[in-house]
Amino acid sequence: MTTTLTWAIFNFVTLAVLPYWFFRYRLGYRPDSMLLRFYRPKVWVPYFILVGLSPIFFVATPEYYTTSVTGHALTLVLFTLGSFLPIMITTQSLLTPRLSVLARSWVTGSVLSALAYGALNITEAFLAWGSLAQVALSLAWFTQVAFWGLAKAVTTLRTGNAWLHIATTHTIHLAEAPAVATTFHLR
């Protein structure tokens, strides 16, 4: 139980706070150069609601609707600290635009960002490399994750907004509220 919260805080500090602080205050980058400004909120807020939250209804189990408000709130806090913000800052705000500039192409930058996004997930506990079948399955999983990394990178670069990364696929994690509530004994 406390391991989950500790891991979320560790991810938040090492993958969001420290990189943001370094780029913002040590190197002097402005929030708009890190794609962290929300221009035209009248457009992006509905986008978050329609694109980001609607998939939850397709994957939510009946337990999702009976989970306590505290369980939903804790799910939002855990995933925001442990996944949404760290990955957004590290890959979409800092890495993706810089890879595009280095490659001199937003397409190449998106592909490189997708590979980096997949590489960040290569240590997942369920991946196995012991047999040829396990390697094939793990590489197929990596390809699927890299595809979503590509979708996130393209969304970030074409809109100029790293925040939209959260709405592309991460909000589906909010459907895990019943599991979070069970883990923290909140039912």
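Residues numbered from 1 in each chain as written. Predicted model: local features only at pLDDT ≥ 70, side-chain atom pairs only at ≥ 80, totals over all residues. Heavy atoms only, no water.

Time to look at unusual backbone geometry. Its identity as a non-glycine residue notwithstanding, Leu-35 has a phi of 60°, on the positive side. Inspection of the secondary structure puts Leu-35 in the loop between helix 1 (2-26) and helix 2 (41-53). Residue Leu-35 is classed as buried on the basis of its relative accessible area of 15%. Unusually for a residue other than glycine, His-185 sits at a positive phi of about 55°. (Helix = DSSP H or I, 4+ residues; strand = E, 2+ residues; numbered from the N terminus. Buried < 20%, exposed > 50% of the residue type's maximum accessible area, 1.4 Å probe, protein only.)

We now examine helix 7 (residues 132-159). The end-to-end C-alpha separation of helix 7 is 40 Å, in line with the 40 Å expected for 28 residues at 1.5 Å each. Listing the buried residues of helix 7 in full gives Ser-138, Phe-142, Val-145, Ala-146, Gly-149, Lys-152, Ala-153, Thr-155, Thr-156 and Leu-157. Where helix 7 terminates, the next one or two residues include Gly-160, which has phi positive at roughly 70°. (Expected span 1.5 Å × (residues − 1).)

Attention now moves to a nonpolar patch on the surface. Together, Leu-5, Ile-9, Val-13, Val-17 and Leu-18 make up an exposed nonpolar region whose accessible area comes to about 360 Å². Locating Ile-9 in the fold gives a position in helix 1. (Patch = residues over 30% accessible without salt bridge, like charges linked within 9 Å, V, L, I, M, F, W, Y side chains within 5 Å. Areas by Shrake-Rupley, 256 points an atom, 1.4 Å probe, with all protein chains shown as cover. Salt bridge = Lys/Arg side-chain N within 4 Å of Asp/Glu carboxyl O.)

Under the definition given, this model contains one salt bridge. Asp-32 is paired through a salt bridge with Arg-30; the nearest N and O atoms lie 3.2 Å apart.

Before going further, it helps to examine the nonpolar core. The nonpolar side chains of a soluble globular protein tend to be buried with one another. Leu-36, Ile-56, Leu-78, Met-88, Ile-89 and Val-180 are the most contacted members of the largest nonpolar core, which has 28 residues in total. The set of elements that each furnish at least two residues to this core consists of helix 1, helix 2, helix 5 (69-103), helix 8 (164-168) and helix 9 (177-183). The element best represented in this core is helix 5, accounting for eight residues. Here Leu-78 is in contact with Thr-4, Leu-5, Ala-8, Ser-83, Val-180 and Phe-184, once residues within four sequence places are set aside. (Core = buried A, V, L, I, M, F, W, Y, C linked by side-chain atoms within 4.5 Å. Contact = heavy atoms within 4.5 Å.)

Right, let's get into the environment of Thr-61. When you line up the elements, Thr-61 lands in the loop between helix 3 (56-59) and helix 4 (62-66). For Thr-61, a relative accessible area of 36% corresponds to the partly exposed category. Sequence separation of Thr-61 and Pro-178 is 117 residues, and the distance between their C-alpha atoms is 8.5 Å. At 2.9 Å, the side chain of Thr-61 forms a polar contact with the side chain of Glu-63. (Polar contact = N/O pair within 3.5 Å; in protein donor to acceptor, adjacent residues only side chain to side chain.)

On to the packing of helix 5 against helix 6 (residues 106-120), then. Helix 6 packs onto helix 5 with a crossing angle of 140° between their chain directions and a minimal axis gap of 8 Å. In this structure, helix 5 crosses over helix 6, and the sense of that crossing is right-handed. Contacts between helix 5 and helix 6 involve Ile-87, Thr-91, Gln-92, Leu-95, Thr-96, Leu-99, Ser-100 and Ala-103 on the former and, on the latter, Trp-106, Thr-108, Gly-109, Ser-110, Leu-112, Ser-113, Ala-116, Tyr-117 and Leu-120. Within the contact of helix 5 with helix 6, the residues separate by chemical class into nine nonpolar, eight polar and no charged. (Axes fitted to C-alpha atoms, helices over the stretch in contact; angles between N-to-C directions. Left-handed = near helix turned anticlockwise from the far one by under 90°. Nonpolar A, V, L, I, M, F, W, Y, C, P; charged D, E, K, R; others polar.)

It is worth spelling out the packing of aromatic side chains at this point. In the structure shown here, the tally under the stated rule is seven aromatic pairs. Between Phe-23 and Tyr-29 the ring centres are 5.3 Å apart and the planes differ by 70°, which places this aromatic pair in the edge-to-face class. The exposure class assigned to Phe-23 is buried, which follows from its relative accessible area of 18%. Three or more aromatic residues link up through ring pairs in this structure, and these residues are Phe-22, Phe-23 and Tyr-29. Taking NZ or CZ as reference, Arg-158 lies 4.5 Å from the ring centre of Trp-106, over its face. (Phe/Tyr/Trp six-rings, centres within 6.5 Å; stacked < 30°, edge-to-face > 60°. Lys NZ or Arg CZ within 6 Å of the ring centre and 35° of its normal.)

It is worth spelling out the environment of His-165 at this point. Relative to the assigned elements, His-165 resides in helix 8. Among residues more than four places away in sequence, those in contact with His-165 are Phe-84, Ile-87, Met-88, Gln-92, Tyr-117, Lys-152, Thr-156 and His-170.

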